[in-house]
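Summary of the model geometry
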Amino acid sequence: AHQRLRQNRRSFWPALWVGFGRRPNVLCPNFKRHSPLFIYIRNRKFYNHFTMKKLIAIVLALGMSLGTLSANEGMWLPIFLNQNFAEMKAMGLKLSPEDIYDVNNGSLKDAVVSLGGFCTAEVVSDQGLLLTNHHCGYDAIQTHSSPEHDYLSDGFWSASLEEELRNEGLYARFLVRMEDVTNRVLDSLSSDLSQAEREQRAARVGKQIAAEATEGTAYTANVKSFYHGNEFYLFVYKTYRDVRLVGAPPQSVGKFGGDTDNWMWPRHTGDFSFFRIYAGEDNEPARYSEDNVPYQPQHALPISMRGVDPGDFTMVMGFPGSTDRYLTSYGVKQAIDKYNPTVVKIRDKKLDIMKRYMDADKATQIKYASKYAQTANYWKYYIGQTKQLKQNNVYEQKKAIEEKFSRWVKQDPQRQKKYGDVLSMFEEAYQAKDDYVKSNVYVLEAGLIGPEIPLFAFRMDRLLGRYLQIKEKIAAAETDSAEKALQQKMQPRMEALKNGAMENATEFYGDYNAELDQELMASLFGLYFQNIPQEQQPEFLAEAGDKYKGNFQKYARKVFKKTFLTDSSELAEFFEKPKQKTLDKDPAIEIGRSLYERYQGSNKAHAKTENKLDKAYRLWTAGLREMNPDKHYAPDANSTMRVTYGTVGGYKARDAVRYQNYTTAQGILQKMDNNDPEFKVPAKLASLIRDKNYGPYANDKGELPVCFIHNTDITGGNSGSPVINGHGELIGTAFDGNWEAMSGDIYFENELQRTISVDIRYTLFIVDKYANASRLIDEMNLVYEAPQEKSNTTEEAPAEKESMEANEM
């Protein structure tokens, strides 16, 4: 999976698949800074004088309603929640650590899945019903859409189990358990190993540990590196591969606000969709079959109907992709000056071309809806991140940390021996990376994943090449009988390769516009040729630029005229007369090969620089933790299950601008503009809001809450994560972060960083009142009353109420 394409600034090279998470998945320090008020509240003497309820009221009165709530940094491994438990309890958690993570009994972890490896989803019924984001389900919705059945525009709601739609390749992965295997891995790493040798050996040991953990089971497992190779943990999973689309609102609800509102608060987006896990009759994973039945979970999240208020405890569980909080000032500067602007420049061009074709043709609009959304999301992300890195002075803050580290190292000869070269290693490595970081971006953004045909051609070249190798092996048999025997033996393999190629082609051509792609090739290759030195260009590009005098429109026309890979019928003809010469002469395959060679060649050419950087970050991370032994550092996100927690609250965005913690349906009408596709409101929804026909989903003020914000720490991969209250009940679905803190993946913004979530009551309102899909709500466990507290209520309650009311005034 392509977890590091968008933003791993240390190690650029990803696998060649684009994930669909909301945020780019990047790589790492947690410099937790509490406000003086919070530090004071944590003091035990303060606790002795005040009850918890009074304490919450005081916090509310002093800060939260005014938008001064500090954010809670940290994506924590659930096996270590005991370290955070006292703080979580003080903030309002009513559960035990075992209620959150338990290997032997059903717990919250058993209701949270990695959806397809790019998002998170939660189980919300005892029939395996999954809730996630609309943008997480967008590709599935688009795949099932056509001009005749436009589920993107109209929404989709299955009326029965039989109408739920199969999604090839989509899976739900449950965490079975995790285990600290640091000692075993580190014991295998001698001090004389180079960084590259160290990583290779750690990978081998990790595979061995994973194999032992899954032997004799249907589980899968992997060992992940934490703190840049200083710690290692085993993760064991159970994966269900029959996941079906159940329901989704129209994109006028699920994407309300479009690119304009993306990454912004206030927000009025119903970013949700429903899927269902199916299993065999034994409730175990099974391949798709009409005989499969809804999965019966170990735990399903109950749904709170009580809503949220400022100061309420929130907890997010999910599979965040990656953060890069150990990134140094050198990396920040490179991001601002080189990496981010390059991505934005290429995607500007790509989005412009895609939009023109989509606006001109309904079928193309549906085919490219998902592709456009992915491209636009990260385009805006890099614009915002660059702005906020500057606005929030992240470079200066990183410099200050490095200076403190340098002083600490100089105070001790042993530290100097171990860490003395770290900062100079960073400086040297980043200076070297400056020479090729832009060309690395171009080879992917304008090359392999720019126009679609190069990557498709590269993949088909691999499949068809294997097919031809088998044919040649059969033809080389010395006797007719040997040839016949080999033919019979290899025929199943040949059929599998042929069928695989045709299936891939069917999927590719189903969402493909060759004319659009030809223009993408012409424009992006032209940009590539103009902006990257020829010695860093793939061979075909430099030759084509010279031969066609920079006229890549002409070059692209030639490629698309001569390749046999723009049409499934021509591909089928290849199998009638398969020849290696056909592949070698095809211009699209030549492009795919050349781009991949440049991609791999740069990786090999700069291996020493990347290894130096990896070693520097390993030492840097270890040194920071050693320098601050009393600080509880959360590990970087790396697509493993994490828990983050905080409270509901607004924030001060800038001078004279303060945001409250929730939005209502009235804001939808205020933004409504049916001449603008981003702010179009369906007539039925507008009527329901005008009539205030909210049913049981309104709050105590008679409003219909739509979204709310809370100070938890999330990133890409957390999209669709459950937002859980102190009683373990679902209160919302996380889907975005806020514009003012878009530098937060690199440096956590205490006062600004917020998670934007859909209020579960708005989700249920759309399902019930708008879609008339109450059969889904009937599956869920709706909770209207708070569970009884174990401790007795005291006479403090009236004082708390008075304080709260004064605060609201």
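It should be noted that the structure appears before, not after, this text.
In what follows, the accompanying structure is described.

Cis peptide bonds are those with omega within 30 degrees of zero, and the linkage from Trp265 to Pro266 qualifies with 10°. Positioned with a positive phi, Trp263 is a non-glycine residue whose angle comes to about 70°.

On the surface, Lys547, Lys561, Lys562, Lys577, Lys579, Lys581 and Lys585 cluster together to form a positively charged patch. Counting residues per element, the ones that place at least two in the positive patch are helix H23 (552-562) and helix H25 (580-585). With respect to the helices, strands and loops of the structure, Lys581 is situated in helix H25. Of the residues examined, Lys581 reaches a relative accessible area of 56% and is grouped as exposed.

What follows is about the packing of aromatic side chains. This model, assessed by the stated rule, comprises 38 aromatic pairs. Ring plane angle 85° and centroid distance 5.6 Å describe the contact between Phe256 and Phe679, whose orientation is recorded as edge-to-face. Separated by 423 residues along the polypeptide, Phe256 in the loop between helix H10 (251-254) and helix H11 (258-261) and Phe679 in the loop between helix H28 (666-671) and helix H29 (683-690) bring together distant segments of the chain. Each member of the pair, Phe256 together with Phe679, is buried. Between Phe552 and Tyr555, the ring centres sit 6.0 Å apart and the planes meet at 80°, which makes this aromatic pair edge-to-face. One end of the pair, Phe552, and the other, Tyr555, are both in helix H23, three residues apart, so they sit about a helical turn from each other. For the residue pair Phe552 and Tyr555, the accessibility class agrees, reading buried in each case. Here the aromatic residues Phe405, Trp408, Tyr419, Phe426, Tyr617 and Trp620 are joined through ring pairs into a cluster of three or more. Here the basic side chain of Lys371 rests over the ring of Tyr368, its NZ or CZ set 4.0 Å away from the ring centre. The ring of Tyr227 has Arg625 lying over it, and the distance from NZ or CZ to the ring centre is 3.5 Å.

Summed over all chains, the structure comprises one disulfide. What pairs with Cys119 in a disulfide is Cys136, and their sulfur atoms sit 2.1 Å apart. Taking the torsion about the S-S bond as the criterion, the Cys119 to Cys136 disulfide, at about -80°, is left-handed. Here the residue Cys119 occupies a position in strand E2 (residues 119-123), and Cys136 occupies one in helix H6 (residues 134-143), the gap between them amounting to 17 residues.

A few words now on the packing of helix H17 (residues 422-433) against helix H27 (residues 607-627). Between H17 and H27, whose axes approach to 9 Å, the crossing angle comes to 150°. The two elements H17 and H27 cross, and the hand of that crossing is left-handed. Here Val422, Leu423, Met425, Phe426, Glu428, Ala429, Tyr430, Ala432 and Lys433 of H17 lie close against H27, whose contacting residues are Thr609, Glu610, Lys612, Leu613, Lys615, Ala616, Tyr617, Leu619 and Trp620. Its residues placed into classes, the contact of H17 with H27 shows 12 nonpolar, one polar and five charged.

Grouped together as the largest cluster of nonpolar side chains are 136 residues, with contacts concentrated most on Ile100, Leu130, Phe274, Phe405, Phe426, Trp620 and Tyr762. The element contributing the most residues to this core is H27, with eight residues. In this structure Leu130 touches Val113, Leu115, Ala121, Glu122, Val123, Ala172, Val243, Ser273, Phe274, Phe275, Arg276 and Ile277, once residues within four positions along its chain are discounted. One finds Tyr339, Ile449, Tyr509 and Tyr548 within the second-largest nonpolar core, a separate group that totals 78 residues.

The contact between helix H12 (residues 329-360) and helix H21 (residues 514-531) brings their axes to 10 Å, and the two run at 160°. By the criterion of interaxial angle, the relationship of H12 to H21 is roughly antiparallel. The handedness of the crossing between H12 and H21 is right-handed. Taking contact as the criterion, the partners of Lys345, Ile346, Lys349, Lys350, Ile353, Met354, Arg356 and Tyr357 in H12 are, on H21, Glu515, Leu516, Glu519, Leu520, Ser523, Leu524, Leu527 and Asn531. The class makeup of the residues in the contact of H12 with H21 is eight nonpolar, two polar and six charged.

Once that is clear, we can look at helix H20 (residues 480-510). End to end, H20 covers 42 Å across 31 residues, agreeing with the expected 45 Å (1.5 Å per residue, within 8%). Along H20, the sharpest change in direction is near 45° and occurs at Met490; proline Pro492 comes one to four residues later. The complete set of buried residues in H20 reads Leu486, Met490, Met494, Leu497, Gly500, Ala501, Ala505, Phe508 and Tyr509. Looking at the packing, one finds that the buried side of H20 touches helix H19 (453-475) and helix H24 (568-576).

Our focus in this paragraph is a negative patch on the surface. On the surface, Glu539, Glu543, Asp546, Glu590 and Glu597 cluster together to form a negatively charged patch. At the level of elements, helix H22 (539-547) and helix H26 (587-605) are the ones that each hand at least two residues to the negative patch. Among the elements that make up the negative patch, the one with the highest residue count is H22 (three residues). Relative to the helices and strands, Glu597 is located in helix H26.

What counts and what doesn't
Residues numbered from 1 in each chain as written. Predicted model: local features only at pLDDT ≥ 70, side-chain atom pairs only at ≥ 80, totals over all residues. Heavy atoms only, no water. Patch = residues over 30% accessible without salt bridge, like charges linked within 9 Å, V, L, I, M, F, W, Y side chains within 5 Å. Areas by Shrake-Rupley, 256 points an atom, 1.4 Å probe, with all protein chains shown as cover. Salt bridge = Lys/Arg side-chain N within 4 Å of Asp/Glu carboxyl O. Lys, Arg positive; Asp, Glu negative; His and termini not counted. Charge placed at Lys NZ, Arg CZ, Asp CG, Glu CD. Helix = DSSP H or I, 4+ residues; strand = E, 2+ residues; numbered from the N terminus. Buried < 20%, exposed > 50% of the residue type's maximum accessible area, 1.4 Å probe, protein only. Phe/Tyr/Trp six-rings, centres within 6.5 Å; stacked < 30°, edge-to-face > 60°. Lys NZ or Arg CZ within 6 Å of the ring centre and 35° of its normal. Disulfide = S-S within 2.5 Å. Axes fitted to C-alpha atoms, helices over the stretch in contact; angles between N-to-C directions. Left-handed = near helix turned anticlockwise from the far one by under 90°. Contact = heavy atoms within 4.5 Å. Nonpolar A, V, L, I, M, F, W, Y, C, P; charged D, E, K, R; others polar. Core = buried A, V, L, I, M, F, W, Y, C linked by side-chain atoms within 4.5 Å. Parallel < 35°, antiparallel > 145°, perpendicular 65-115°, else oblique. Expected span 1.5 Å × (residues − 1). Bend = angle between axes of the 7 residues up to and from the residue.

These figures capture arrangement, not role.
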